[in-house]
Amino acid sequence: MSGERAVWVVPAPVTPSLSVAGEAGRFPVRRIFCVGRNYAAHAREMGSDPTREPPFFFSKPGDAVAASGETIPYPPATRDLHHEVELVVAIGRGGRAIPAAQAREHIYGYGVGIDLTRRDLQSDAKRAGRPWDMAKGFDHSAPCSAIQPVARVGHPERGAIWLRVNGTQRQQGDLGDLIWSVPEVIAHLSGLVALAPGDLIYTGTPEGVGPVGPGDRLEGHIDGVGDLAISIGPAAP
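Residues numbered from 1 in each chain as written. Predicted model: local features only at pLDDT ≥ 70, side-chain atom pairs only at ≥ 80, totals over all residues. Heavy atoms only, no water.

Caption draft 1: Quick look at unusual backbone geometry. A positive phi angle, near 65°, is found at A77, a position not held by glycine. Residue classification places A77 among the exposed residues on the basis of a relative accessible area of 58%. Here the phi dihedral of A97 falls at roughly 50°; this positive angle occurs in a residue that is not glycine. Classification of A97 by relative accessible area gives exposed; the value is 54%. (Buried < 20%, exposed > 50% of the residue type's maximum accessible area, 1.4 Å probe, protein only.)

The structure is reproduced here in structure tokens:
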């Protein structure tokens, strides 16, 4: 259909997006990739060996993003919803097989994210050897703060990352504790798929993950990147 305007047979989906600090424009979200067990202490608390084996990835749909300040409905089909605070990398320039030494050139900015997880569904899937999709990729499962452009914050490599629930500290770590650094993560991931502008990478969570329920307020923070706050509402009707 070169030169013609497409006519859709059903309504076209709206492009999910996030606000950008200091900018009127927004960051369009294409895909969401997440790194599993990228902090040694979290790997241990999940019963795994935190050796430096190749990183593994899982995905969430782009429209799973939720903005800071939102109230997120408690998801269906779970009684064990967990929080996982993470540094989020926003890709601004695509590429395939990106060398780690060049990875920072592909980053537009960073954010504070929470990987919400239906832990009971994940545990069931692990026992049965099945995919994690419905444990990780459900509606509103990827809250994220405004994106901070690299021009404003540089490339954070160290600094506190933490999460509080109703004012009580649950997670505490440092970006320097990442098993695989951000450039290494990009290098590995781009060897599996071609990255593109709009992709988000959730880089892993420190120890202290735990359950949340309706009425809880979650606050996440990363030094030099910013803050994220969401509330958990009642289950959607």
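Right, picking up where we left off after that structure.
Caption draft 2: Representation of the sheet that holds strand β18 (residues 226-235) within the structure. Taken in spatial order, the 5 strands make up an open sheet running β6-β18-β17-β13-β14, and their pairing is mixed. Each of the sheet's edge strands pairs with one partner strand only, and the pair in question is β6 (71-74) and β14 (168-174). Each strand axis lies, on average, 20° off the axis of its neighbour in the sheet, ignoring direction. (Pairing = 2+ DSSP bridges. Helix = DSSP H or I, 4+ residues; strand = E, 2+ residues; numbered from the N terminus. Axes fitted to C-alpha atoms, helices over the stretch in contact; angles between N-to-C directions.)

Caption draft 3: Molecular detail of the pairing of β18. Where burial is concerned, most of β18 is hidden: 7 out of the 10 residues are buried. Two strands pair when backbone bridges link them, and β6 and β18 are joined in this way by 4 bridges, in the parallel orientation. Bridge assignment links T71 to a residue of β18, and that residue is S231. Of the strand pairs in this sheet, strand β17 (residues 217-222) and β18 are connected by 6 bridges, and their pairing is antiparallel. Paired with L218 across the bridge in β18 is I230. The antiparallel hairpin formed by β17 and β18 contains 3 residues in its connecting segment, where G224 sits at a positive phi of about 80°.

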